[in-house]
Structure formats: C-alpha cells, structure tokens
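# Structure assessment
The lines below spell out each chain.
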Amino acid sequence: MTVLNDIKDYPWTGLIAGVLPPRLAAKLPPKFQAKSSQIVPAASIAGNALTVVIAIMTFLACLTAGGVYMINQSANAWVDDIASEITIELDPLNTADIEKKMTLVALFLAKQKGVTRVKPLSADDSAKLLEPWLGSTAALSALPIPRLIAVEIDRSSPPDIDLIKNALNQNFEGVTLDDHRRWQSEIKLITRSTALGGIAVLGLVAAATIAVIVSATRSAMATNRAVIEVLHFVGATERFIASEFERHFLGLGVRAGLAGAFAAAIAFLLLPFLMYLLGGGAVTEAETRRLLGSGELDFGGYILLVGIVVVVAALCMITSRFGVFRVLKNYA
C-alpha cells in the first residue's frame, strides 16, 4: 500500500513543468509549477542523460509493441477474409469445353446452402494472378492455367465444406476445392512467432531499463550519502528515504516515457509515407501493406502506447524503491 500511497500523493501537476523547457515552464500557472520541496535534490538523482536513455528505451518498446499490434490486426483481417471464401480450381487439361464446365460448376455451387456468392474468374483474371511472379508476357496465354471460381460463404451459417468437396468429386472430374485452412494456420503461426519476438524485445528493453535505474539509484545514493546519514540520525525511516527517491524516478519515468511514446507516435504517423518511399515497386508495396495493413495505428494502438508509458513509469518507481532498500541495508 505504501507504493500506491506514494503514487496518490505525487505532485502530478508538476510533471507538466518537468516536461517543458525551463522558459516555457516558468510561464505556466502556479498550480502547474514544479515544486522542489523534496529533501533529496532532484538534479543529483536524474540527469538529462538518464532521461534520454529511458526515453529511447520507451521509444523502442513502443515501436516493437505497435509493430506487433499492426501485424496482429492485419493478420486477423487477412484470416477473416480467407475464412469467408473458398476457391474452386478446374483443371483445363483433358477438358473439351472448359467454359461450359465452369458454368455447370458455378450453378452447382450457387445452389449449396451457406454459399452467398459465386464468381467465376475469366482466363485473363487467372493470368493476372500470376503476373506478380511471372510478369506480363504473351507466353501466359499458351500455358494451361487452371481456371478458378471464387466462392463467398456465409460466416454466420457456413456450409459443410467436406460435403461440398465430396459432391464436386462425384459430379465433376478435375475439380479441386481449397478452403485455405493451410494458409490460415501458416498466418497464425507467423503471427504467434512475431508476437513472441516482440515479447522478447520488450523483455530486453525492460531488463535494460531496470539495469539503468539500479545504476542511477546507486550513484544517487553514493552522492547523497551525507544527506542520508543525517536523515537516519534525525530518525527518518528507510521507507521515508525510499519514498523520496522513488518520487523522483516516478516523475522521470513519466516524462521520459511520454517523450519516447510521442516520438513513436510520430514515427507511426509517418510510416505510410515511408512505406511509399521505400516501397520498391507496386508488388513490394502491396506485399508490405498486406503484412502491416495501411501502416497506421488505430485508437487501440495508441492506447497501447499510453499503457507502455504507465509500465515504464511504474518500472522506474518500483526498481528505485527496491534499489534504495538494498543500498540502505549495506549502509546498515
């Protein structure tokens, strides 16, 4: 409960003055002015270098979390689109009239329960699907390209895929049904792998932040050893001394976290423009957008960045608290 009380009693209005440059902070109303009534001098605890380091750590954490979030959102949308459609493939070999067979198969599929739309693709449409890999060439017209039928299914009442597959095999020769389950499993595997990689990076950033805060706490304790000994002499408890340090680091964490998150938000806002500049062609740009979506964070993504700021501030506060207790035990 002591940590919660320290958070509650923290002068949060003074954080605004701490974020702004001194000249701008001096023009704020009195209630927003940072009060320097702490016993331990703030300048001896957290310098500009430490603030920059924590801001960089927060920036990297926000980039990682935001990137994983966008990939996850794009993958979920991709899986939903794939799950709402099946593809029928017709082998053009050994078929006298492929157009007639396409019509018969399309009419058969349109009568099936749970099918909302049947769209036979023309030979040109099928060839265009291969252009990103084979290029636009006249040789495509000479290849026996399979003909495709796109079938949209009702998500609320999906059809029995196995039943449709068996019926197609019994009534038509050279017809294959692809329900895209393999692609769904591969997309989910890639998404989970990306999420695990993001968690690993966030863990490394958290470990580096803890190490920096511990080092800064030890340095501040050594610098203010005379002050701490005087506080002990007049009867100050270890909790009181620790609270003085953790309040400083809480403010530091919030200010540095906001700076890092703001820089990350700007980076995400500029990401679509960077994707356009570094697209490397229409195909590469299309594949990048398929992976990251539009490249823009939604409201939930920015809420995630705010959550990272809260975690960084709490990490700074709690780490400094335990670091002070550990150093005080060595003094004793």
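Everything here concerns the structure above.
In what follows, the accompanying structure is described. On a predicted model such as this, the values are computed, not experimentally measured, just so you know.

Across its full length, the protein chain holds twelve helices and four strands. Looking at the protein chain as a whole, 36% of its 332 residues qualify as buried. Sequence-distant contacts, at least 24 apart, represent 81% of the contacts inside the protein chain between residues at least 6 apart. If you sum the accessible surface of the protein chain, you get close to 19400 Å²; carbon and sulfur atoms cover 63% of it.

Looking now at the environment of Ala 265. Looking at the secondary structure, you find Ala 265 in helix 10 (residues 238-277). Distance in space between the C-alpha atoms of Ala 265 and Gly 66 is 9.1 Å, their sequence separation being 199 residues. Setting aside chain neighbours within four positions, we find Ala 265 in contact with Tyr 302 and Leu 305.

For the coordinates displayed, the defined rule picks out one aromatic pair. On the basis of an interplanar angle of 70° and a centroid distance of 5.8 Å, the ring pair of Phe 108 and Phe 172 is categorised as edge-to-face. Note that Phe 108 is positioned in helix 5 (residues 98-110) and Phe 172 in the loop between helix 7 (161-171) and strand 4 (175-178), a separation of 64 residues in sequence. Assigned by exposure class, Phe 108 and Phe 172 land together as buried.

Let us now look at the packing of helix 4 (residues 48-83) against helix 8 (residues 181-223). Relative orientation of the contacting elements helix 4 and helix 8 amounts to 170°, with a least axis distance of 10 Å. When the interaxial angle is binned, helix 4 and helix 8 end up roughly antiparallel. The class makeup of the residues in the contact of helix 4 with helix 8 is 23 nonpolar, seven polar and one charged.

Judged by pairing direction, the sheet is antiparallel, and its four strands sit side by side in the order 2-3-1-4 without closing on themselves. Sheet topology places strand 2 (115-120) and strand 4 at the edges, where each strand pairs with a single neighbour. Each strand axis lies, on average, 20° off the axis of its neighbour in the sheet, ignoring direction. Across the sheet, helix 5 is in contact with strand 1 (85-90), strand 2, strand 3 (147-153) and strand 4; its angle to strand 3 comes to roughly 10°.

Once that is clear, we can look at the nonpolar core. Core analysis: the biggest nonpolar cluster contains 25 residues, and Ile 54 and Phe 249 have the highest contact counts within it. Counting only elements with at least two residues in this core, the list comes to helix 4, helix 8, helix 10 and helix 12 (299-331). Once you skip the residues sitting within four places of it in the chain, Ile 54 turns out to touch Thr 209, Val 212, Ile 213, Ala 256, Val 312 and Cys 316. Membership of the second largest hydrophobic core comes to 19 residues, among which are Ile 98, Phe 108, Leu 168 and Val 175.

What counts, and at which threshold
- Residues numbered from 1 in each chain as written.
- Predicted model: local features only at pLDDT ≥ 70, side-chain atom pairs only at ≥ 80, totals over all residues.
- Heavy atoms only, no water.
- Helix = DSSP H or I, 4+ residues; strand = E, 2+ residues; numbered from the N terminus.
- Buried < 20%, exposed > 50% of the residue type's maximum accessible area, 1.4 Å probe, protein only.
- Contact = heavy atoms within 4.5 Å.
- Areas by Shrake-Rupley, 256 points an atom, 1.4 Å probe, with all protein chains shown as cover.
- Phe/Tyr/Trp six-rings, centres within 6.5 Å; stacked < 30°, edge-to-face > 60°.
- Axes fitted to C-alpha atoms, helices over the stretch in contact; angles between N-to-C directions.
- Parallel < 35°, antiparallel > 145°, perpendicular 65-115°, else oblique.
- Nonpolar A, V, L, I, M, F, W, Y, C, P; charged D, E, K, R; others polar.
- Pairing = 2+ DSSP bridges.
- Core = buried A, V, L, I, M, F, W, Y, C linked by side-chain atoms within 4.5 Å.

Note that every value here comes from positions in space, so none of it alone points to a role or purpose.
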